[in-house]
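Letter by letter, the chains look like this.
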Number of protein chains: 2
Amino acid sequence: MFVLGIDPGLSRCGYGAVRATAAGPRAEAIGVIRTDPHTPLPNRLAELQRELRDLIGELRPDAVAVERVFFQVNVRTAMSVGQASGLAMAEAIGAGCEVVQYSPNEVKLAVTGDGSADKAQVQSMVRRLLALRQEPRPADAADAAALALCHLARSGLARRVAVAASTGARR
Amino acid sequence: MFVLGIDPGLSRCGYGAVRATAAGPRAEAIGVIRTDPHTPLPNRLAELQRELRDLIGELRPDAVAVERVFFQVNVRTAMSVGQASGLAMAEAIGAGCEVVQYSPNEVKLAVTGDGSADKAQVQSMVRRLLALRQEPRPADAADAAALALCHLARSGLARRVAVAASTGARR
């Protein structure tokens, strides 16, 4: 199974593509899509849409896992996250992918064993689980990879993820 | 000039296409796109995206005017409106349209002469300005047509709109 995690945002939209392999979960692409804050909003949205479409089209994931956000510091942020997440989910369905949503707490629990883990813990566990040389930065990229790992663990297709997570948590 | 107004929403997304003609503003399409609340969110978003794309592709407006929402009753509503507005703006830019945003107060002021007008006043003025037999319903459809009228008035290309609005307001 090949999962693309997306941490939606307009200034920085994190993505992390993780494939379940016999040797454990493997990162195939981790990064962020950025749009210029000085560009008018509609053009930024159109640019993000194109980038997401290209990314999904190139990677062709089986499933796309998008962060589900209920609470935000303010409505302005909620609008912006809503706009980015809407584009991500519509593009994923349009490309024939399964789309799932997980809350930040579900992701933290699945990846670190602690639903209230901080960003540093998530970054550290993502690095360990994916055997990366260094922690993915910025945090949005690590969060997106964590979303993909969460879906693999939840799907029961990557028992190794869960095993590695529990081992990692005890270290 | 031909303007498509969009009042973004997931359950009901209002649209109103208004053309500036020598005889005054003329409605070419007014209605709502609905998505089924029982369908999973990603599929609803993809459906709304397709419908918006088809609508914009059929009408080929010069400009698309989308409601700008800063404040919402709750974050859940803001997310949902954000998702719908993001799709509308990205599709409009993708189709080569100019995209503009107006706040509800700007629209009410332009159409009724009163920035704090209620929904009934907006519906009534939209009916008068567009010489419709009856008021557009639901309110989302009237709001979308009002957005288009607002942009025509603001563009200075439809002086008749402003004149008719001030006449209507005095009635």
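What counts and what doesn't
Residues numbered from 1 in each chain as written. Chains lettered and ligands numbered in written order. Predicted model: local features only at pLDDT ≥ 70, side-chain atom pairs only at ≥ 80, totals over all residues. Heavy atoms only, no water. Helix = DSSP H or I, 4+ residues; strand = E, 2+ residues; numbered from the N terminus. Buried < 20%, exposed > 50% of the residue type's maximum accessible area, 1.4 Å probe, protein only. Phe/Tyr/Trp six-rings, centres within 6.5 Å; stacked < 30°, edge-to-face > 60°. Lys NZ or Arg CZ within 6 Å of the ring centre and 35° of its normal. Lys, Arg positive; Asp, Glu negative; His and termini not counted. Salt bridge = Lys/Arg side-chain N within 4 Å of Asp/Glu carboxyl O. Polar contact = N/O pair within 3.5 Å; in protein donor to acceptor, adjacent residues only side chain to side chain. Contact = heavy atoms within 4.5 Å. Buried area = accessible area lost by both parts, 1.4 Å probe. Nonpolar A, V, L, I, M, F, W, Y, C, P; charged D, E, K, R; others polar. Pairing = 2+ DSSP bridges. Axes fitted to C-alpha atoms, helices over the stretch in contact; angles between N-to-C directions. Least-squares fit on C-alpha atoms with pLDDT ≥ 70 in both. Parallel < 35°, antiparallel > 145°, perpendicular 65-115°, else oblique. pLDDT = per-residue confidence, 0-100.

Remarks on unusual backbone geometry
If a residue is not glycine, its phi is most likely negative; likewise, a peptide bond is most likely trans. In this chain, A:Arg137 is followed by A:Pro138 through a cis amide linkage whose omega measures -5 degrees. A positive phi angle, close to 50 degrees, is found at A:Arg60, a residue other than glycine. By secondary structure assignment, the location of A:Arg60 is in the loop between α1 (41-59) and β4 (63-67). In this structure, B:Ala131 takes a positive phi of about 50 degrees despite not being glycine. Checked against the element boundaries, B:Ala131 lands in the loop between α4 (119-129) and α5 (139-154). The exposed category is assigned to B:Ala131, whose relative accessible area is 67%.

Observations concerning the packing of aromatic side chains
Within this structure, the stated rule accounts for 0 aromatic pairs over all chains. Just above the ring of A:Phe2 sits the side chain of A:Arg19; from NZ or CZ to the centre is 4.1 Å.

Structural notes on the side chain of A:Arg44
Residues and elements named next belong to chain A. Tracing the chain through its elements places Arg-44 in helix α1. Look at Arg-44: it is buried, it has no salt bridge, and the nearest opposite charge is Asp-36 at 6.4 Å. Polar contacts involving the side chain of Arg-44 include one to the side chain of Thr-35, which spans 2.9 Å. In this structure the side chain of Arg-44 is engaged in a polar contact, spanning 3.2 Å, whose partner is the backbone oxygen of Asp-36. For Arg-44, the contacting residues outside a window of four places in its chain are Leu-10, Ser-11, Thr-35, Asp-36, Pro-37 and Thr-39.

Notes on the interface of chain B and chain A
The interface is formed by 27 residues belonging to chain B together with 27 residues belonging to chain A. Counting the surface lost from both chain B and chain A, the interface buries some 2,100 Å², and carbon and sulfur atoms represent 70% of this. Scanning the region where chain B abuts chain A turns up 0 salt bridges. Residue assignment for the side of chain B that touches chain A shows that the elements contributing at least two residues are α1 (41-59), α2 (75-94) and β5 (98-102) of chain B. No other element matches the 14 residues that α2(B) contributes to the side of chain B that touches chain A. For the side of chain B that touches chain A, the per-class residue count stands at 16 nonpolar, 8 polar and 3 charged.

Some words on the sheet that holds strand β1 (residues 2-7) of chain A
Residue and element names in this part refer to chain A. Strands sit in the order β3-β2-β1-β4-β5 across an open sheet of 5 strands; the sheet is mixed. Unpaired on one side and paired on the other, β3 (24-34) and β5 (98-102) mark the two borders of the sheet. For this sheet the average axis-to-axis angle between neighbouring strands, irrespective of direction, equals 20 degrees. Where β1 lies against β4, 4 bridges are found, and the strand directions are parallel. Residue pairing across strands places Gly-5 opposite Ala-65, the latter belonging to β4. Each of β1, β2 (12-21), β3, β4 and β5 is contacted by helix α5 (residues 139-154), which is oriented at about 35 degrees to β2, the strand it contacts most.

Quick look at the sheet that holds strand β3 (residues 24-34) of chain B
Residue and element names in this part refer to chain B. As summarised here, the arrangement of the 5 strands in space is β3-β2-β1-β4-β5, forming an open sheet in which the pairing is mixed. In the strand order of this sheet, the two ends are held by β3 and β5, each with one partner. Shown here is a sheet whose adjacent strand axes are inclined to one another by a mean of 20 degrees, direction ignored. The pairing of strand β1 (residues 2-7) with strand β2 (residues 12-21) spans 6 bridges and is antiparallel. Paired with Phe-2 across the strands is Arg-19, a residue of β2. Packing against the sheet, α1 makes contact with β1, β2 and β3, and its axis sits at approximately 160 degrees to β3.

Looking at the relation of the copies chain B and chain A
In the superposition of chain B on chain A (RMSD 0.0 Å, axial shift 0.0 Å), the rotation amounts to 180 degrees. On this basis, the relationship between the two copies can be described by a two-fold rotation axis. Same-surface contact between copies: 100% of interface residues of chain B are shared with the interface of chain A.

A short note on the packing of helix α2 (residues 75-94) of chain A against α1(B)
In contact at an axis separation of 8 Å, α2(A) and α1(B) are set at 85 degrees when each is read in the N-to-C sense. One element, α2(A), and the other, α1(B), form an angle in the roughly perpendicular class. Contacts between α2(A) and α1(B) involve A:Gly86, A:Met89, A:Ala90, A:Glu91 and A:Ile93 on the former and, on the latter, B:Leu41, B:Pro42, B:Asn43, B:Leu45, B:Ala46, B:Gln49 and B:Arg53. The residue inventory of the contact of α2(A) with α1(B), partitioned by class, reads 7 nonpolar, 3 polar and 2 charged.

Quick look at the confidence of the model for chain A
Mean pLDDT for chain A: 90, with 89% of residues reaching 70 or above. Scored as a whole, the predicted complex attains pTM 0.87, and scored at its interfaces, ipTM 0.86.

Here we look at the environment of B:Glu106
All names here are of chain B. On the secondary structure map, Glu-106 appears in helix α3 (residues 104-112). Judged by its relative accessible area of 27%, Glu-106 falls in the partly exposed class. Along the sequence, Glu-106 and Glu-67 sit 39 residues apart, while their C-alpha atoms lie 9.7 Å from each other. Not counting residues up to four positions away in its chain, the partners in contact with Glu-106 are Gln-101, Cys-150 and Arg-154. Within the structure, the side chain of Glu-106 is placed 2.7 Å from the backbone nitrogen of Ser-103, a separation counted as a polar contact.

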